[in-house]
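# Observations on the three-dimensional arrangement
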Amino acid sequence: MELFYRMRQRFQPEGREYREPNLPADIAGLAPEIKDLLNRYPTLLPRVTRFSRPSLEKTLGHLDLLDRLGGNRLELKAGRILDVGSADWSYAGAIVSWLKERTPVRPLDILGIEVDPHRFDSAFVTAASKARHQIQTFTSKGIHLDYQGGCFTQVFGLFDLITWFFPVFSTTQEPAAQLGHANRILDQGGYVLFARSGFGEWESLREKIVSLDLPWRLERVAEAREHLHASKSPVYVSLWSKS
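Report follows, based on the coordinates. (Residues numbered from 1 in each chain as written. Predicted model: local features only at pLDDT ≥ 70, side-chain atom pairs only at ≥ 80, totals over all residues. Heavy atoms only, no water.)

### What about the environment of P175?
With respect to the helices and strands, P175 occurs in helix α6 (residues 174–185). Under the relative-accessibility criterion, P175 is labelled buried at 11%. Expressed as a C-alpha distance, the spacing of P175 and K208, which sit 33 residues apart in the sequence, is 7.6 Å. (Helix = DSSP H or I, 4+ residues; strand = E, 2+ residues; numbered from the N terminus. Buried < 20%, exposed > 50% of the residue type's maximum accessible area, 1.4 Å probe, protein only.)

### Observations regarding the nonpolar core
Grouped together as the largest cluster of nonpolar side chains are 46 residues, with contacts concentrated most on W89, W98, L99, I110 and L145. The dominant element in this core, judged by the number of residues it contributes, is helix α4 (residues 92–102), at six residues. With residues up to four places along the chain from it excluded, the contact list for W98 reads Y41, L63, L66, D67, L69, L74, L161 and L193. Ranked by size, the runner-up nonpolar core spans 22 residues in total, among them V84, I113, F159 and Y236. (Core = buried A, V, L, I, M, F, W, Y, C linked by side-chain atoms within 4.5 Å. Contact = heavy atoms within 4.5 Å.)

### A look at the pattern of salt bridges
Within the structure shown, the criterion is met by eleven salt bridges. Here D67 and R102 are joined by a salt bridge, their closest N and O atoms 3.9 Å apart. Residue D67 is located in helix α3 (residues 53–67), and its partner R102 is located in helix α4; the two are separated by 35 residues in the primary sequence. In this structure, D187 engages R80 in a salt bridge whose closest nitrogen and oxygen atoms are separated by 3.0 Å. Placement of D187 in strand β5 (residues 186–197) and of R80 in strand β1 (residues 80–84) is noted, with a sequence separation of 107 residues between them. Members of the salt-bridge network, linked through shared partners, are K77, R80, D160 and D187. (Salt bridge = Lys/Arg side-chain N within 4 Å of Asp/Glu carboxyl O.)

Remember, this is a structural readout, not a statement about activity or role.
Printed below as a string of structure tokens:
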């Protein structure tokens with residue numbers, strides 16, 4: 001696996017251009033809780049027919065987790081948002097829809113960063129190609145999306161919000177390095193949002209943040225036991241502010 005990863009980074013294969021499968025979602029057949037969620041996020045509702053059912057499920061899964069944090073406004077200085085570990089960014093629409101309901105700040109500049117954007121699926125479609133489809137679907141007036149390949153710790157600048165769904169730390173030293181970097185690029189008064197599967201992973205993250213003495217305050221945490229996300233475990237969504 002390491003060899004394939006290094007080859008992809010060196011040769012950066014483009015693969016085939018992604019096309020959304022011609023399997024439109026059946027709005028009438030959606031469960032009541034899904035319809036309720038869509039009604040709360042009007043940005044997403046008119047775009048539902050552009051999704052295949054699998055794509056819609058991924059988007060709704062992330063939006064459901066974000067929705068668990070409640071309807072409070074985010075007090076952002078500006079609209080600079082970083083999404084860490086974006087994979088193929090199939091959930092970009094969830095972030096856009098949620099932010100449009102949580103902050104009046106415009107423009108919103110949302111950057112997705114992925115360490116392996118050239119990995120491809122069985123149809124030889126890369127993660128980057130799928131991400132471009134999301135960017136085309138959800139870019140609009142006042143909403144700008146960008147997707148880049150690279151390591152999160154090589155991202156610089158200042159951001160008002162960092163979203164980080166299901167972070168994976170491969171070594172015992174990695175959490176400190178990555179959380180420390182998140183703090184450096186998070187502007188004063190900004191927010192970090194995490195989603196973690198299972199109480200053990202959530203508690204491990206909380207303890208690590210406390211042990212590093214980061215200037216972050218836990219604003220909200222939501223436990224989602226029954227949710228629309230593909231994770232089979234309860235998911236803990238937390239929002240932290242930088243003081």
